[in-house]
Structure formats: structure tokens, C-alpha cells
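# Fold and geometry: a report
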Amino acid sequence: DGGITQSPKYLFRKEGQNVTLSCEQNLNHDAMYWYRQDPGQGLRLIYYSQIVNDFQKGDIAEGYSVSREKKESFPLTVTSAQKNPTAFYLCASKAGQGGYGYTFGSGTRLTVV
Amino acid sequence: KQEVTQIPAALSVPEGENLVLNCSFTDSAIYNLQWFRQDPGKGLTSLLLIQSSQREQTSGRLNASLDKSSGRSTLYIAASQPGDSATYLCAVTGSGGYNKLIFGAGTRLAVHP
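Attention in this report is confined to the structure presented alongside it. What you see is a predicted model, and the numbers here were worked out from it, not measured in a lab.

## Considering the overall build of chain A
- Scanning chain A from N- to C-terminus turns up zero helices and eleven strands.
- The principal-axis extent of the C-alpha atoms belonging to chain A is close to 40 × 25 × 25 Å.
- Taking all 113 residues of chain A together, the buried fraction comes to 50%.
- Residue pairs in contact within chain A that sit at least 24 positions apart in sequence constitute 52% of those at least 6 positions apart.

In C-alpha cells form, the structure reads like this:
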């Protein structure tokens, strides 16, 4: 079955450390997205990519970086510059521009220790 | 700026009741509206996708309506079951820019036996 795979499910980060969250999709979707979910704040867009080798900042991109070298993969790096990284991170994809629906992965919970 | 509001924020009902969850949005320039379900600690599962030209969509016991001109959508759940307990999120895809997905804060539903 087609879908989005996020790994790991749980991730622990020490102060000053960079960590990378994986997102892989086999839906042949062009567009991919990263969202952050905090209790009481809903989902906020971090980065998005509409095509390979191109990506754009979302609403809360500071302290994060991404790459899109392959259509299937859109990894998110949480850098030491992100001062409050503890959150639930969700990856999503969409077939392309326009009225297609979004498909979400199962999420990665990141905790600073 | 698009804003999505969901009412009520929380709902607790006995099993078997028919439910209506409400979603409103401020900008009618949308491609579509999508209803998601989220279980605690899990990703988002798409329930229904309504294109801007459609009035409603049905899937099993779920029916979602869309009135784009008034900026409203409702999710109707028939004959609720304890397994329906989850948070329900409404999101709209804007027709401008990069088709940004804007979420409401969700309705937390508890169905008790």
C-alpha cells in the first residue's frame, strides 16, 4: 500500500545537537510538507517542497533545514538554533498544485533531554 | 489571512448519538476542505475531502457538507461509537500561492458506552 513513512517514532535530542527526521513517500506525490504540532497551538507549517531540488520556508522555519534530493524523500533537520524543539512533527504529501488532498505520516515525537 | 475555527472544542456524548461538528473559515477562496481524524500520539487520517465545487461527501457513517459562500462546513457522525473517540481536525487548502493547508484547532470527541 502507498503511504508516508516517518522515522523514528520517538527521538531524543541533547542540548546543542542537530537531529534529522526522516520522511519517505511511495505515492509518487510531487509536493511534500513538514508540520509541527504543539498542544493547544494546532499544526504549523515549517517547510514545503513542490518539486525536487526546490523548497520554501513556511511559517516557522527558523532553526530548521530541509533537503529534497529525491522525489520520495524530504528529511527535516532540527538544528541547535531551534530553541524549543520539543514537539510532534508530521510530514505530509500532495499529488501536486491545486485541489488534491493531503496525506500525512504517523509522526515523530522529538524530546529535548 | 485565512482563519479556521472549530466548534465545539470538546464534546462528550453517550454511544449511539448523532453528532455535528462545525468548522468555519474566513476566506472563501479555497480549493477544498478536508476533515481529518487524529488519535492520541498518532498521525492524521484523512476522512473526507470536499472540493470547492461540491456540496457534500459521504463515507460510511460520516457526512461532510460545504457551504463555501458562507464559509462553513459540518461533519455529521451517525450512530456514534466509542471507537469514534478522537480529535477531529478541519483544514482548508487556499487557492493562492502554494496551496497552503490551514488547520482549525480541532474538536476533541469522547464517546462513552
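## Structural notes on the interface of chain A and chain B
- Contact residues are listed per partner, giving 23 residues for chain A and 20 residues for chain B.
- With both sides pooled, the region where chain A packs onto chain B buries about 1600 Å², and carbon together with sulfur makes up 52% of that total.
- When residues of chain A are sorted by the area they lose upon contact with chain B, Gly99(A), Tyr102(A) and Phe104(A) head the list and together hold 30% of the total.
- For the interface between chain A and chain B, the tally reads four residue pairs in polar contact (both at pLDDT 80 or more).

## Focus: the nonpolar core
- Counting residues in each nonpolar core, the largest one holds 23 residues, and the members touching the most others are Leu33(B), Trp35(B), Leu75(B) and Ile77(B).
- The contact partners of Leu33(B), leaving out residues within four places of it in the chain, are Cys23(B), Phe25(B), Leu48(B), Leu49(B), Ile50(B), Leu66(B), Ser73(B), Cys90(B), Ala91(B) and Val92(B).
- Counting 20 residues, the second-largest nonpolar core is a separate cluster that includes Ile4(A), Met32(A), Leu76(A) and Ala87(A).

## Things to note about a nonpolar patch on the surface
- A grouping of Tyr10(A), Phe12(A) and Val113(A) is seen on the molecular surface, where their side chains present a nonpolar patch of about 360 Å² in accessible area.
- The exposure class assigned to Phe12(A) is exposed, which follows from its relative accessible area of 52%.

## Quick notes on the pairing of strand β3 (residues 19-25) of chain A
Residues and elements named next belong to chain A.
- Residue alternation in β3 divides its side chains into a buried set, Val19, Leu21, Cys23 and Gln25, and an unburied set, Thr20, Ser22 and Glu24.
- Judged from the four bridges that link them, strand β1 (residues 4-7) and β3 form a sheet pairing that is antiparallel. Considered in β3, the bridge of Ser7 is made with Ser22.
- As judged from the three bridges shared by β3 and strand β8 (residues 76-78), these two strands associate in the antiparallel manner. Considered in β8, the bridge of Val19 is made with Val78.

## Quick word on the sheet that holds strand β7 (residues 62-67) of chain B
All names here are of chain B.
- The strand order across the open sheet built from five strands is β1-β3-β8-β7-β6, with neighbouring strands paired in antiparallel fashion. Of all the strands in the sheet, just β1 (4-7) and β6 (56-59) have a single pairing partner and so form its edges. Averaged over neighbouring strand pairs, the angle between their axes works out to 15 degrees when direction is ignored.
- Strand direction decides the pairing type here: β1 and strand β3 (residues 19-25), joined by four bridges, are antiparallel. Of the residues in β3, the one forming a bridge with Ile7 is Asn22.

## Examining the packing of aromatic side chains
Residue and element names in this part refer to chain A.
- This model, assessed by the stated rule, comprises nine aromatic pairs over all chains.
- Between Tyr33 and Tyr48, the aromatic rings sit 6.3 Å apart at their centres with planes inclined by 20 degrees, giving stacked as the arrangement. You can see Tyr33 sitting in strand β4 (residues 31-38) and its partner Tyr48 sitting in strand β5 (residues 42-51), a full 15 residues away along the chain.
- Of the residues examined, Tyr33 reaches a relative accessible area of 1% and is grouped as buried.

## Some points on unusual backbone geometry
- Residue Pro8(A) follows Ser7(A) across a cis peptide bond; omega there is -5 degrees.
- Its place among the elements puts Pro8(A) in the loop between β1 and β2 (10-13).
- Of the consecutive residues Ile7(B) and Pro8(B), the connecting peptide bond is found in the cis state with omega at 0 degrees.
- Checked against the element boundaries, Pro8(B) lands in the loop between β1 and β2 (10-14).
- A positive phi angle is found at Asn28(A), which is not glycine, with a value near 60 degrees.
- With respect to the helices and strands, Asn28(A) occurs in the loop between β3 and β4.
- Within the chain, Asn53(A) stands out as a residue other than glycine whose phi angle is a positive 65 degrees.
- Asn53(A) sits in the exposed class, given a relative accessible area of 62%.

So, how was this worked out
Residues numbered from 1 in each chain as written. Chains lettered and ligands numbered in written order. Predicted model: local features only at pLDDT ≥ 70, side-chain atom pairs only at ≥ 80, totals over all residues. Heavy atoms only, no water. Helix = DSSP H or I, 4+ residues; strand = E, 2+ residues; numbered from the N terminus. Buried < 20%, exposed > 50% of the residue type's maximum accessible area, 1.4 Å probe, protein only. Contact = heavy atoms within 4.5 Å. Buried area = accessible area lost by both parts, 1.4 Å probe. Polar contact = N/O pair within 3.5 Å; in protein donor to acceptor, adjacent residues only side chain to side chain. Core = buried A, V, L, I, M, F, W, Y, C linked by side-chain atoms within 4.5 Å. Patch = residues over 30% accessible without salt bridge, like charges linked within 9 Å, V, L, I, M, F, W, Y side chains within 5 Å. Areas by Shrake-Rupley, 256 points an atom, 1.4 Å probe, with all protein chains shown as cover. Salt bridge = Lys/Arg side-chain N within 4 Å of Asp/Glu carboxyl O. Pairing = 2+ DSSP bridges. Axes fitted to C-alpha atoms, helices over the stretch in contact; angles between N-to-C directions. Phe/Tyr/Trp six-rings, centres within 6.5 Å; stacked < 30°, edge-to-face > 60°.

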